[in-house]
Amino acid sequence: MNKPKVFVSSTIYDFKDLRSALKYWLTEKGYEVRMSERNDFKKDSSQNSYQACLDSIGECDYFILLIGSRAGGIYSQNPLITITQKEYQHANELAQQGVIKKLLVFVRKSVWDIREDRKSLQKYIENELLKDETLKSKKEQLKLITKQSSSIIKDTEIIFDFIKEVTKIDEMKKAVQSGEDYPQRNWINQFENFEDIINVLKLELSVEYDVEIKKWNEILKQEISENLARLSTSANQEIFPFFSYANLARKKLPEKFGESYILNYNEILHLRTFAVIGPLQGELLSLEVITAAINAGVYLRYNNQIGKYNSGNIQKALLDMSLSIKGLKRQKQLFGEKETVGIINKFSQIPIGASLTFNSNDTLLFGVYAAHDYQHNIYQLSKYLLGIFEGIITDDKYPVLYPEGVFKTLLNNDENAVILPQEACEACINELKMEIESDKK
């Protein structure tokens, strides 16, 4: 599988453990990680090592820069540029061209804090100390104080200049003064530990939404789209779901079994169009990927508070989709040639413009309305899942579905005619708990 690629640029000595942790974490999330010190670093061994790194950046989707207390290897003496700086400059150019999707910069907080302190010290020297006539002759020596290395930071001047380059301070000042566009990709993320870095990456790379999930989204999208095509028709260059032919009639169907309802001529014609084909369309639908995703538990989420996996709305939608497709397939088995002929005969002698009275106990129409409900549910669930996969909606926008079973009540009985799987599961578990409590007594 072609995985998104991430190049990690930094000095190696002072970031060895952090780079190792970052490599492991990103790899687990489904990314291919390019680190030059690793044996799995893809390169042309005949090239110079610096050039191999620059070429590798051009093959990547993301660039992560870590700035710490060391400058690293020198790429050029005049002007003075380190290899890490050169990698950043190359990545920045590629980002401007759209080759690199995101360029993410992290600076160790202790280095950033020292830089801020040195800037304050610099201002103090220039604005206060140099007012003393006796110190003016030592102006250059005093300024060098702000560039001294310490036990925390080496190569101070190089690193501070690098941070200035990355924050694009000069470009910002110029843009403010001239009214030109502000420079892009100048955001700095400070960090103290590994968690600080991955919290940023989760947001910037959408890592919380794993690459594995994205892969399943795309595969499911293909199967869902194919199913939608098989349940759709077109008229006047407009594509619409086939079940919509029966929408008006379905809305007039009483909620109770045995009650009458009236359909006008237009509603009857549309119902007839759906009735001849609708119950047979389940045979065309595929369930392979949907079933595989359900069984793999891809969309299950672990709840730390209760120590169990929760289905979540995406998993629930896949289960409901599976039930609806299986239900529609059953209608094909139940709705044979005899039933199709019966539907044709039932609607064949209708006077133009006439309205007819129907009874909800007409068993011939049970399968027609059931097929409508299954197709409606499949369509609404498809729209819901595709909306999530495309980032258009959040998973809390769960669609309203028809319950399995055309009538809410049968034979004037107020009991719910449809038992949901979760309700059946809970009833069984509750019975087991009662049996255990009974045994204790």
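Whatever comes next refers back to the structure up there.
Cut-offs used in this document
- Residues numbered from 1 in each chain as written.
- Predicted model: local features only at pLDDT ≥ 70, side-chain atom pairs only at ≥ 80, totals over all residues.
- Heavy atoms only, no water.
- Axes fitted to C-alpha atoms, helices over the stretch in contact; angles between N-to-C directions.
- Helix = DSSP H or I, 4+ residues; strand = E, 2+ residues; numbered from the N terminus.
- Parallel < 35°, antiparallel > 145°, perpendicular 65-115°, else oblique.
- Contact = heavy atoms within 4.5 Å.
- Nonpolar A, V, L, I, M, F, W, Y, C, P; charged D, E, K, R; others polar.
- Buried < 20%, exposed > 50% of the residue type's maximum accessible area, 1.4 Å probe, protein only.
- Phe/Tyr/Trp six-rings, centres within 6.5 Å; stacked < 30°, edge-to-face > 60°.
- Lys NZ or Arg CZ within 6 Å of the ring centre and 35° of its normal.
- Expected span 1.5 Å × (residues − 1).
- Polar contact = N/O pair within 3.5 Å; in protein donor to acceptor, adjacent residues only side chain to side chain.

Enquirer: When you look at the packing of helix α11 (residues 265–277) against helix α15 (residues 363–389) in this model, what are you seeing that I'm missing?
Expert: Angle between the axes and distance between the axes: these two values describe a pair of packed helices. The contact between α11 and α15 brings their axes to 9 Å, and the two run at 85°. Taken together, the axis directions place α11 and α15 in an arrangement best described as roughly perpendicular. Contacts between α11 and α15 involve L271, F274 and A275 from the former and V368, Y369, A371, H372 and Q375 from the latter. Residues of the contact of α11 with α15, tallied by class, amount to six nonpolar, two polar and no charged.

Enquirer: Explain unusual backbone geometry to me, please; I cannot follow it from the model alone.
Expert: Apart from glycine, the bulk of residues carry a negative phi angle, and the bulk of peptide bonds sit in the trans form. Put simply, N78 and P79 share a cis peptide bond, and its omega is 0°. With respect to the helices, strands and loops of the structure, P79 is situated in the loop between β4 (74–77) and β5 (80–82). Look at R185: it is not a glycine, yet its phi comes out positive at around 55°. Tracing the backbone through its elements, the reader meets R185 in the loop between α7 (169–178) and β7 (188–191). Exposure remark for R185: the relative accessible area of 23% places this residue in the partly exposed category. A positive phi is found at N236, a non-glycine position, where the angle reads about 55°.

Enquirer: What's the story with the packing of aromatic side chains in this structure? I'm lost.
Expert: A ring pair, where both rings are aromatic, is described by two values, the distance of the centres and the angle of the planes. Under the criterion given, the structure shown has 14 aromatic pairs. Between Y50 and Y75, the ring centres sit 5.9 Å apart and the planes meet at 35°, which makes this aromatic pair tilted. One end of the pair, Y50, is in helix α2 (residues 49–57); the other, Y75, is in strand β4, and 25 residues separate them in sequence. For Y50, a relative accessible area of 26% corresponds to the partly exposed category. For R115, the ring lying beneath its charged end belongs to W112, and the centroid distance is 4.9 Å.

Enquirer: Is there a simple way to explain α15 in this structure?
Expert: Since the α-helix turns once every 3.6 residues, residues separated by three or four places project in the same direction. Look at α15: 39 Å from first C-alpha to last across 27 residues, which is about the 39 Å you get at 1.5 Å a residue. For α15, the buried fraction is high: 22 of the 27 residues fall into the buried class. For α15, the N-terminal cap is D362; the gap from its side-chain oxygen to the backbone nitrogen of L364 is 3.1 Å. One or two positions beyond α15, positive phi appears at G391, with a value near 75°.

This is a description of form; function is not addressed.
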